[in-house]
Amino acid sequence: MELMKKNIHTERIKSKALLQVPLETDINVSDAKPDVAKVIYDCGKIKVDEIKTGMNKIWVKGRLCYQFLYQTESEDRALAGMEGDIPFMEEIYLDKLEGQDRVICKTSLDDMRVHIINSRKLSIQAVISLEPRVEESIAEELCVELDNSGGADLEKLEYRKKSLDFLETIVKKRDLLRIHEETRLPAGMPDIGTALWKNIQISSISFRPMDEKLGITGEISLFIVYREDASGRINWYETMIPFNGSVECQNSREGMIVDVTYETGHEEITVKEDSDGEFRLIGIEMTIELEIKLYEKESTSIVADVYGVSCEVQAGIDSKQFRSLCTELNTEEKLTRSIKIEDADPKILQVCHSDARVKLEETAFREGMLRLAGEIELQVLYASNESGAGLYPVRSIVPFEIAKELPGVDERQIDQYSLSVQIPQQTVSIKDSSQLEWRGTMSIELRLYSANSEDILTDLNITPLDAEVLEKLPGFAIYYVKPGDSLWQIGKKYYVSVGRIKEMNNLTEDEIKAGDKLLIVK
């Protein structure tokens, strides 16, 4: 008797951790930079450069790259910019980690503040989160049928099958998408003299599995503040740059479930001359580091259990876990916020730029609901016709609490989830000279995975039925069904096939209930 088996590939989380790290450093203003009067705009990005693994621990080496725009102490309140990085090296304990395991580390900037110590020295305080995890690939063998060329042994056996639904991992890989784009200043805008602030961010990105590759489309937000070449006045330019590309994915095809996480790697913004020798071209180079997983929903019939009718059967049963997709959620929430500037601040003439950063403080799955709570940190730059031609900041916080129904989801079965919360669209309008209105769209993408345990037949040993056991079996018996009984359990107890019990009792279905009387004939 042979077990006909089917090979499948799935995965599970082997180990994970969460570490919050405070970072603090003082920086000196370089001799080439003017004195600092007020920091008006800042941003930070975390870059992981290296992950070293050992037994039950990892070392994460990276840096917090910061950038800020400030007003100088000159009479005309001119603008200047500074950038740099704060290196870090953290040791994190990861249970069950082995040296050859590949670690994925998700990062987030929880908070960053820039304080002025004096006009030539500043302090940066930040809190970052590091979330390393190890996902283990598993190859399993499922018994889908019993094979007996002679056919004699199968007559001695009673076996049942069940349907198993699971996600099979088709593609699991790390890859890199390189982006090379170029944009030109619109006609009528002055040439770029000195760039004071250059920043790019991925505003939106989507992934689509295709035949043997993964298609990627999105938009990059570009914002540059510069000093004009001729007059030396401050100007700015903001635009959205679409991009698309693809990476090779062997065995990929349309219709698969795609789960991709990404981090931006190398970023470079250069101001270049056009064919007329004018500095009007802006070149962008960016790498996006991708962790790609493509799944396919599978449903297969497997042999669940076996017992002997005229023989003894020792069935090897092992409990295995299989991942399945509980639910997917793609939704949007509209948010608004009125922002009032302080009475002492210059009045608003024109909005230049806005930035919204989501800080999730709670993610909970309770009573068939997804609950998200947190806040959006807003930074807005505006121009004024007062006090020169500078740019001025205004900051605000937008708290949010969102609840979404997740029908049929049991939070106790959730094994892992993939959650992306972004602000792909936002606008800032002027209500009056001292008040702004921010409107944004929050995009929520959620995939919930469950890990279900199933008993799997791994091996089968058939021996002749012991004569003493056979003698002890009654020639016939009346069996009173107890709560929780099934025809399978009763047949296994009396070495009688389920079909034989149904035939002797004129049953057309397998359903029985407590109190029923069944005739059992040896």
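For every chain, the first residue of the written sequence is number 1, and numbering continues from 1 onward in sequence order. Where local features are concerned, this predicted model is filtered to residues with pLDDT of at least 70; where side-chain atom pairs are given and counted, the filter is 80 or more; whole-chain, interface and lining totals use all residues. To get the side-chain values, all heavy atoms of the structure are used, and hydrogens and water are removed first.

**Q** So what's going on with the side chain of Asn-199? Which residues, and what values?
**A** The topology assignment puts Asn-199 in strand β9 (residues 192-210). Looking at Asn-199, the relative accessible area reads 9%, which means it is buried. Contact between two residues is taken to exist if any of their heavy atoms lie within 4.5 Å; hydrogens are not considered. Other than its neighbours up to four places away in sequence, Asn-199 contacts Cys-43, Lys-45, Gln-67, Ser-221, Leu-222, Phe-223 and Ile-269. The helix count covers DSSP runs of H or I at least four residues long, the strand count covers runs of E at least two residues long, and both are numbered beginning at the N terminus. When a residue's accessible area, from a 1.4 Å probe over protein chains only, is under 20% of the maximum for its type it is buried; when over 50% it is exposed; and in between it is partly exposed.

**Q** Requested: an account of the nonpolar core, with residues and values cited.
**A** Among the nonpolar cores identified, the biggest contains 32 residues, and Leu-214, Ile-288, Leu-290 and Ile-292 are the most heavily contacted of them. For this core, the secondary structure elements donating two or more residues are β8 (157-184), β9, β10 (213-228), β11 (234-248), β12 (257-273) and β13 (279-308). Residues in contact with Ile-292, not counting those within four places in the same chain, are Val-171, Lys-172, Lys-173, Asp-175, Leu-214, Val-247, Cys-249, Asp-259 and Val-260. We define the nonpolar core as a collection of buried residues of types Ala, Val, Leu, Ile, Met, Phe, Trp, Tyr and Cys that are connected through side-chain atoms lying within 4.5 Å of one another. One finds Tyr-66, Tyr-70, Phe-88 and Leu-109 within the second-largest nonpolar core, a separate group that totals 31 residues.

**Q** Can you explain the sheet that holds strand β3 (residues 36-54)? Please cite residues and give values.
**A** Two strands qualify as a pair provided that DSSP identifies no fewer than 2 bridges between them. The 3 strands lie next to each other as β3-β4-β5, forming an open sheet whose pairing is antiparallel. The open sheet has two edge strands, β3 and β5 (79-93), and neither has a second partner. Averaged over all adjacent pairs, the angle separating strand axes in this sheet is 15°, with direction ignored. Here β3 pairs with strand β4 (residues 57-72) via 16 bridges, running antiparallel. Paired with Cys-43 across the two strands is Gln-67, which belongs to β4. Helix axes are fitted to C-alpha atoms over the stretch in contact, other axes to C-alpha atoms as well, and angles between N-to-C directions run from 0 to 180 degrees.

**Q** Help me get a handle on the sheet that holds β8, residues and values and all.
**A** Taken in spatial order, the 3 strands make up an open sheet running β8-β13-β12, and their pairing is antiparallel. Single-partner strands in this sheet number two, and they are β8 and β12. In this sheet, neighbouring strand axes are inclined to one another by 5° on average, regardless of whether the strands run parallel or antiparallel. Pairing of β12 with β13 involves 15 bridges; the strand directions are antiparallel.

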